[in-house]
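Residues per chain are reported as follows:
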Amino acid sequence: MTINDVRGVLKGRVLLPGDDGFEQAATPWNLTVRQPVAAVVEAVDADDVAALVRHARRAGMTVTTQPSGHGASGDVEGLILLRTGLLDDVEVRADERMVRVGAGAKWEQVLAAAGPLGLTGLAGSAPGVSVTGYTLGGGLGWFSRKYGLASDSVLAIEIVDADGERGRVTAESDPELFWALRGGGGDFAVVTALELELYPAPSLYGGRVIWPEHRAREVYDAFLEITAEAPRELSVWVYRLQPPGAPPMVTLNLACLGEVGQAEDLLARIDKIGDAISDSRSVVPVVDLGAIAAEPTAPAPAIARAELLTGLDADAVERLLAKPVEPLINLEIRHLDGALAEPGGGAGASGAVTEPYLLGLVGLGLPHAADATRARQAEVVADLEGHISGRKPYTMLSPGETAAQSFSGGALARLREIKRARDPHNVFRANYPVLG
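Residues numbered from 1 in each chain as written. Predicted model: local features only at pLDDT ≥ 70, side-chain atom pairs only at ≥ 80, totals over all residues. Heavy atoms only, no water.

## Description of the overall build of the protein chain
Across its full length, the protein chain carries 11 helices and 19 strands. Its C-alpha radius of gyration of 21 Å places the protein chain within 12% of the 22 Å reference for a compact globule of 436 residues. Principal axes of the C-alpha set define a box for the protein chain whose edges measure 70 × 55 × 40 Å. Within the protein chain, the proportion of its 436 residues that are buried is 55%. Contacts in the protein chain between residues far apart in sequence, at least 24 positions, make up 73% of those at least 6 positions apart. Looking at the protein chain as shown, the accessible area adds up to about 16,900 Å², and 50% of this sits on carbon and sulfur atoms. Each charge sign in the protein chain was given a centre, from 39 positive and 57 negative side chains, and these centres are 3 Å apart. (Helix = DSSP H or I, 4+ residues; strand = E, 2+ residues; numbered from the N terminus. Rg over C-alpha atoms; globule rule 2.2 N^0.38 Å. Buried < 20%, exposed > 50% of the residue type's maximum accessible area, 1.4 Å probe, protein only. Contact = heavy atoms within 4.5 Å. Areas by Shrake-Rupley, 256 points an atom, 1.4 Å probe, with all protein chains shown as cover. Lys, Arg positive; Asp, Glu negative; His and termini not counted. Charge placed at Lys NZ, Arg CZ, Asp CG, Glu CD.)

## Comments concerning helix α10 (residues 370-383)
When the terminal C-alpha atoms of α10 are compared, their 20 Å separation across 14 residues agrees well with the 20 Å that a helix rising 1.5 Å per residue should span. Buried residues of α10: A370, T373, R376, Q377, V380 and V381, and no others. Seen from one end, α10 has its buried residues packed into an arc of 135 degrees, which puts them on one side. Buried positions along α10 lie against β17 (302-309), α9 (314-321), β18 (328-335) and β19 (357-364). (Expected span 1.5 Å × (residues − 1). Arc of directions from axis to C-beta.)

## Describing the environment of P343
The topology assignment puts P343 in the loop between β18 and β19. For P343, a relative accessible area of 28% corresponds to the partly exposed category. With 281 residues separating them along the chain, P343 and T62 place their C-alpha atoms 34 Å apart. With residues near it in sequence (within four places) discarded, P343 still touches D152, G351 and A352.

## Points about the environment of E91
Along the chain, the position of E91 falls in strand β5 (residues 90-93). Sequence-wise, E91 and A114 are 23 residues apart; in three dimensions their C-alpha atoms are separated by 9.2 Å. Beyond its immediate chain neighbours, meaning those up to four positions away, E91 contacts M98, V99 and R100. Within polar-contact distance, the side chain of E91 engages the side chain of R93 at 3.3 Å. (Polar contact = N/O pair within 3.5 Å; in protein donor to acceptor, adjacent residues only side chain to side chain.)

## Side note on the sheet that holds β5
The five strands are arranged β5-β6-β10-β8-β9 in an open sheet whose pairing can be described as antiparallel. Each edge of the sheet is formed by a strand with only one pairing partner; in this case those strands are β5 and β9 (166-169). This sheet shows a mean twist of 15 degrees between the axes of neighbouring strands, independent of strand direction. Relative to strand β10 (residues 190-197), strand β8 (residues 154-160) runs antiparallel, the two sharing six bridges. Among the inter-strand pairings, I159 is bridged to a residue of β10, identified as V191. Seen against the sheet, helix α3 (residues 107-114) touches β5, β6 (98-102) and β10 and runs at an angle of roughly 35 degrees to β5. (Pairing = 2+ DSSP bridges. Axes fitted to C-alpha atoms, helices over the stretch in contact; angles between N-to-C directions.)

## A short note on the pattern of salt bridges
Within this structure, the stated rule accounts for 35 salt bridges. Here E91 makes a salt bridge to R93, at a shortest N to O gap of 3.3 Å. Relative accessible area serves as the criterion here: at 37%, E91 is assigned to the partly exposed category. Beyond isolated ion pairs, a larger network of salt bridges with shared partners links R305, E307, K392 and E401. (Salt bridge = Lys/Arg side-chain N within 4 Å of Asp/Glu carboxyl O.)

## Digging into the sheet that holds strand β4 (residues 80-83)
Strand order in the open sheet formed by four strands is β1-β2-β4-β3, and the pairing between neighbours is mixed. Each of the sheet's edge strands pairs with one partner strand only, and the pair in question is β1 (13-15) and β3 (63-65). The average angle at which neighbouring strand axes cross in this sheet is 20 degrees, direction not considered. Pairing analysis gives three bridges linking β3 to β4, with the strands arranged parallel.

## Description of the packing of aromatic side chains
Here the distance between the centres and the angle between the planes together describe a pair of aromatic rings. Summed over the entire model, instances satisfying the criterion amount to six aromatic pairs. Considering the side-chain rings of F223 and Y357, the 5.9 Å spacing of their centres and the 55 degrees angle between planes classify their relative orientation as tilted. Residue F223 is located in helix α7 (residues 216-228), and its partner Y357 is located in strand β19; the two are separated by 134 residues in the primary sequence. Centre to centre, the rings of Y394 and Y432 are 6.4 Å apart; their planes meet at 85 degrees, and the pair counts as edge-to-face. Here Y394, found in the loop between α10 and α11 (409-422), pairs with Y432, found in the segment after α11; they are 38 residues apart in sequence, far enough to count as distant. Aromatic rings pair up to connect Y394, F407 and Y432 into one cluster. The ring of Y239 carries R208 above its face, with NZ or CZ at 5.9 Å from the centroid. Of note, R414 hangs over the ring of W179, and the distance from its end group to the ring centre comes to 3.8 Å. (Phe/Tyr/Trp six-rings, centres within 6.5 Å; stacked < 30°, edge-to-face > 60°. Lys NZ or Arg CZ within 6 Å of the ring centre and 35° of its normal.)

Put into structure tokens, the structure is as follows:
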């Protein structure tokens with residue numbers, strides 16, 4: 001039995017190497033990652049997913065699922081790549097303050113549907129990321145300081161299990177699988193839909209302020225001052241930027257779930273810094289939340305690295321500012337803390353994020369720049385050695401890293417037990433598998 005045999009069973013496309021459209025369908029969001037898969041299947045509904053899984057189980061093959069291609073590791077040789085992007089329905093139930101999203105729905109769709117109703121989900125910084133992929137990996141975004149990881153706001157999960165059976169998982173129906181799927185990745189089942197809690201967003205204030213590089217010290221000082229006492233409603237991220245062909249810059253990106261006057265009072269420190277190149281701070285419709293960070297909306301070749309920081313003091317800032325950003329494009333610090341450090345008793349596999357800051361490093365992955373990008377990333381991490389915790393958010397793992405870097409020993413052991421029990425034949429393989 002081969003993957004070609006499933007063509008008559010599925011309604012969606014089945015693409016094999018050599019077929020028109022195969023290379024494009026197999027290409028992930030990060031263009032530096034190659035995916036040498038045996039086939040690409042584009043499911044049109046949950047029944048298609050179930051039929052594919054049953055076929056894979058009988059044929060002794062493995063399925064790796066990517067709604068939008070974000071987070072790809074490239075460790076997929078010989079696998080079936082399942083695309084669930086067509087399962088993109090979004091249903092907001094305002095009276096229940098929840099949303100049901102198909103596996104392929106993107107955050108921009110959810111925000112567009114929920115925002116006019118005065119509600120928001122726990123979206124990240126990029127509007128084109130799939131809700132499911134982001135949430136299965138934990139999901140760390142703008143409102144995580146107030147409400148925690150997106151995975152902890154999951155109410156129910158619709159799945160296809162390793163036997164190809166459809167089901168709906170809740171904390172009551174299957175607490176172990178429910179725990180594992182919320183932050184442990186897609187290693188245990190194919191998720192076809194999620195039900196997520198929504199949160200009140202009667203007013204949202206945010207934007208981005210950009211200064212020339214020579215103001216970097218003042219901007220970092222303001223960042224430390226603001227984040228030292230920031231309420232959970234306020235998230236502030238600082239960037240040093242070196243766009244190709246442009247002068248170096250420093251920016252503050254921010255979002256506040258509060259009234260304009262309250263937000264302006266909290267951020268008054270920013271107004272003391274002169275020479276601002278641009279300042280987009282204003283009342284922001286929820287649907288425009290993804291535009292604040294101005295992240296790329298099209299696939300690109302990039303090399304990213306993320307680290308969690310145990311603190312950020314004057315010495316760490318001195319090291320961050322001592323050298324040029326180049327050849328990196330972006331050196332980012334996000335303020336975390338708040339609800340992230342204090343998850344409730346019903347939290348998923350990600351657990352608490354006790355580190356108060358996140359370091360993000362991004363550079364070009366083009367052949368002429370890749371080695372220099374990696375070397376500069378390693379240099380920044382070495383300079384901050386005393387502040388690096390060694391743990392990484394699962395949702396921000398990069399090629400060459402493993403799931404073991406994201407979980408405590410107890411959580412990882414529990415995830416592995418669940419994997420062996422629920423998928424003993426390895427029908428599923430996440431981008432970063434727990435047994436890898």
